[in-house]
Amino acid sequence: MGTEPDATPDSDLATLQERLDTESVTFVDAMNDELATLIEDANHLGFDYLVGDVADYGPSSNGHLHFDLVHNESSIHCVCFQFRVSRLDADLEDGLQVAVKGDLSYYEDGGSVSVIVEDVVTVGGGVYQETYEQNRATLAEDGLLDPDTKQALPELPSTVGLVTSADSDAREDAVTSIHERYPDVDIIVHDSPVQGMDAMAGLMEAISVLDDDASVDVIVLTRGGGSDKHLRVFNETPLCRVIHNASTPVVVGVGHENDRTLADEVADRRVMTPTHVGGIVPEKATLVDELQTLSTRLDTTYETAVIDKLETYQRELDRAYESHVETACTELRTDLDHAYETFATERLTTLQNRLDSARDQYDERRQHRQQTAQYRRQRRLLIAALLVLGLAVVALAVYIIL
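The written sequence of each chain sets the order in which its residues are numbered from 1. Whole-chain, interface and lining totals are the exception, using all residues; otherwise, since this is a predicted model, local features are given only for residues with pLDDT of at least 70 and side-chain atom pairs are given and counted only at 80 or more. Excluding hydrogens and water, the side-chain figures rest on all heavy atoms present in the structure.

**Student:** Help me understand the overall build of the protein in this model?
**Tutor:** Put simply, DSSP H or I for four residues or longer makes a helix, DSSP E for two residues or longer makes a strand, and each gets a number counted from the N terminus. When helices and strands are tallied, the protein shows nine helices and ten strands. Projected onto its principal axes, the C-alpha positions of the protein cover 230 × 55 × 40 Å. Values of accessible area rely on a 1.4 Å probe in the Shrake-Rupley scheme; residue burial ignores everything except the protein chains shown. Accessible area of the protein: about 26,000 Å², with a carbon and sulfur share of 53%.

**Student:** Sorry, what's going on with the sheet that holds strand β6 (residues 159-164) here?
**Tutor:** Strand pairing in a sheet relies on backbone hydrogen bonds. The paired strands run either parallel or antiparallel. Strands are treated as partners if at least two bridges between them are detected by DSSP. With parallel pairing, five strands are arranged side by side in an open sheet as β7-β6-β8-β9-β10. This sheet does not close on itself; its edge strands, each paired only once, are β7 (186-191) and β10 (269-270). Helix α6 (residues 199-211) rests against β6, β7 and β8 (218-223) of the sheet, and its axis sits at about 170 degrees to β6. Note on contacts: a residue pair is in contact if any heavy atoms of the two residues lie within 4.5 Å. Only C-alpha atoms enter the line fits that serve as axes; for helices the fit covers just the stretch in contact. Angles between N-to-C directions range over 0 to 180 degrees.

**Student:** Sorry, what's going on with unusual backbone geometry here?
**Tutor:** Trans is the common state for peptide bonds, and a negative phi is the common state for residues other than glycine. In this model, D56 sits at a positive phi of 55 degrees, which is unusual for a non-glycine residue. Within the secondary structure, D56 sits in strand β1 (residues 50-59).

**Student:** Explain the environment of C329 to me, please; I cannot follow it from the model alone.
**Tutor:** Looking at the secondary structure, you find C329 in helix α9 (residues 284-401). When accessible area is computed with a 1.4 Å probe and restricted to protein chains, residues below 20% of their type maximum are described as buried, those above 50% as exposed, and intermediate ones as partly exposed. For C329, a relative accessible area of 34% translates into the label partly exposed. As for C329 and T176, which are separated by 153 residues in sequence, their C-alpha atoms are 78 Å apart.

**Student:** Just checking my understanding: could you explain the layout of surface pockets for this structure?
**Tutor:** Picture a little ball the size of a water molecule; that probe, rolled over the atoms, points out where space is still empty. Definitions used throughout: a 1 Å grid over protein atoms alone; a cavity as a set of points that fits a 1.4 Å probe which cannot get out; a pocket as an open set with protein on both sides within 12 Å along at least five of seven lines; a lining residue as one with an atom within 4 Å of a point. Grid points are joined across faces, edges and corners, and a volume is the space filled by probe spheres set on the points. Size it by volume and the largest pocket reaches roughly 480 Å³. Residue lining of the largest pocket: 21 residues in total, with N72, E73, K229, R232 and E236 positioned closest to the centre. Here the nonpolar group is Ala, Val, Leu, Ile, Met, Phe, Trp, Tyr, Cys and Pro; Asp, Glu, Lys and Arg are the charged ones; every other residue, Gly included, is treated as polar. For the lining of the largest pocket, the residue count by class is eight nonpolar, eight polar and five charged. There is about 310 Å³ of room inside the second largest pocket.

**Student:** When you look at the nonpolar core in this model, what are you seeing that I'm missing?
**Tutor:** By nonpolar core is meant a set of buried Ala, Val, Leu, Ile, Met, Phe, Trp, Tyr and Cys residues that side-chain atoms within 4.5 Å join together. Counting residues in hydrophobic clusters, the biggest one holds 30 residues, and the most contacted among them are V163, L203, I207, L221, F234, I243 and V252. Counting residues per element, the ones that place at least two in this core are α4 (127-141), α6, β8, α7 (237-245), β9 (250-254) and α8 (262-266). With five residues, the single largest contributor to this core is α6. Filtering out sequence-adjacent residues up to four positions away, V163 remains in contact with H190, S192, L203, A206, I207, L210, I219, V220, L221 and T222. Within the second largest apolar cluster, 15 residues are counted, among which are L65, L88, V98 and V100.

**Student:** Help me out: how do you make sense of the confidence of the model for the protein in this one?
**Tutor:** Scored by pLDDT, the protein has a mean of 85; 96% of the residues are at 70 or more. Predictor confidence is given residue by residue as pLDDT, running from a minimum of 0 to a maximum of 100. Low confidence marks residues 1-7, where pLDDT is under 50. Its contacts with residues over four positions away, or in another chain, come to twelve contacts.

**Student:** Please clarify how the pairing of β8 should be interpreted in this entry.
**Tutor:** A regular strand places its side chains so that they alternate between the two faces of the sheet. Among the six residues in β8, six count as buried, and that is most of the element. Residues V218, V220 and T222 line one face of β8 and the alternating positions I219, L221 and R223 line the opposite face, and both faces are buried. Examined bridge by bridge, β6 and β8 share four bridges and lie parallel to one another. When the bridges of β8 are listed, V160 appears paired with V218. In this structure, β8 lies alongside β9, joined through five bridges in parallel fashion. The residue of β9 that forms the bridge with I219 is V250.

**Student:** Before we go on, may I ask you to explain the side chain of S114 in this structure?
**Tutor:** With respect to the helices and strands, the residue S114 is situated in strand β5 (residues 112-125). Filtering out sequence-adjacent residues up to four positions away, S114 remains in contact with H77, D103, L104 and S105.

**Student:** For this particular structure, what's the right way to read the pairing of strand β3 (residues 74-80)?
**Tutor:** With seven bridges joining them, strand β2 (residues 65-71) and β3 adopt antiparallel strand pairing. Each bridged residue has a counterpart across the sheet, and for L65 the counterpart in β3 is C80. Taking the residues that link successive antiparallel strands as the turn, the β2-β3 hairpin has two residues, and the phi of N72 there is positive, at about 55 degrees.

**Student:** So what exactly am I meant to see when it comes to the packing of aromatic side chains here?
**Tutor:** The relation between two aromatic rings is expressed through the spacing of the ring centres and the mutual angle of the planes. Aromatic pairing here means that ring centres of Phe, Tyr or Trp (its six-membered ring) are within 6.5 Å. Orientation follows from the plane angle: under 30 degrees is stacked, over 60 is edge-to-face, and everything else is tilted. One pass over the full model with this rule turns up zero aromatic pairs. Consider the ring centre and the ring normal. A charge sits over the ring if Lys NZ or Arg CZ is within 6 Å of that centre and within 35 degrees of that normal. Seen from the ring of Y182, K284 lies directly overhead, with NZ or CZ sitting 5.8 Å from the centre.

**Student:** In this structure, what is going on with the pattern of salt bridges? I would like to understand it.
**Tutor:** Think of it this way: side chains of opposite charge can pair up when their charged atoms draw near. Any Lys or Arg side-chain nitrogen found within 4 Å of a carboxyl oxygen on Asp or Glu counts as a salt bridge. Applying the stated criterion across every chain, the model contains eight salt bridges. A salt bridge links D356 to R359; its shortest N-O distance comes to 3.0 Å. Of the two residues, D356 and R359 are both situated in helix α9; the distance of three residues between them amounts to about one turn of the helix. Classification of R359 as partly exposed rests on a relative accessible area of 40%.

**Student:** How should a positive patch on the surface be read in this particular structure?
**Tutor:** What goes into a patch is any residue over 30% in relative accessible area without a salt bridge, connected to like charges within 9 Å or, for nonpolar side chains (Val, Leu, Ile, Met, Phe, Trp, Tyr), within 5 Å. We count Lys and Arg on the positive side and Asp and Glu on the negative side, and we leave His and both chain ends out. Where a charge lies is defined by one atom per residue type, namely NZ (Lys), CZ (Arg), CG (Asp) and CD (Glu). Positive charge collects at one region of the surface, where R376, R377, R379 and R380 lie side by side. Here R379 is to be found in helix α9.

Below is the structure:
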């Protein structure tokens, strides 16, 4: 039985009864007190053993053991006080099917029912653990766990599709972790229940809707921590098949770091918690630094390449220039020699012609002079002969005369 409820002044209760126009008015503590009495004293609720699978097993700081006893979709909390822990023969662990002996207790402050454990008997492997193993074997046989079937994630997705529960810490953590690394990434959130009867249908529909959206580059399925029974939807084969068949890469981050589900194994990538979802995008600051480094390296490489190329071109140009100049000089020298030879030949021919002409003129003049001199000699001889003849005639005449 819990603590006694605080006394409520009759005047306050009377005032409320009058205001609400009914005498059937009570306070929470009074109702919980009555519930505790009803539950703990109800013989028809008694049992020798309560059977179910252990979930969320662990000790508290004061040494008490706490775990949930789960069967199908129902569960009840169990507490084994510290003084009884050492007397238990069973080694409890999650997934183990056990029979619990104890009494029902109603915790009035929290309004919850628990089993105060006196003894635990191991019945066998948990029913759900067997189901889990069967599901895993089926998925493995169908190739859904084959690493070769996993899709590569885009290096820098522009749009991320997020499947999680509305207004949850997981949603906030996932969005924050993505935007802290790369604020420019768009996030399309598709709310879905992540536990309970509607969870599987909601999750499957959300993945399908985002997979049909051509703008979504990667889909993230995530939720925060919870008990094994709350994570069971992520071990169901229909959900795993939807994840596997999606054409868009799917990332799964469920629960805490140590929580593992079949959805994790089927997904293209697993992240440990919603906070680690940001790891699917690069850090913008790092990319900016790398871009700056690459830009600097590119500028340096470009300058070096240009300088090397210019030096190569300069050397080739120098060699080509030297070769061209040498060839040109050779050609010019050849042309000059040829021109000189041609000019010299023509000049010599001209000079030879002039010399021959001068010689001919000289010979003509000399011949003329010779002819003139001969004529003059002949003339003188003739004159002399005539003089002699005249003198002879004169002398003859004189002689005759005389």
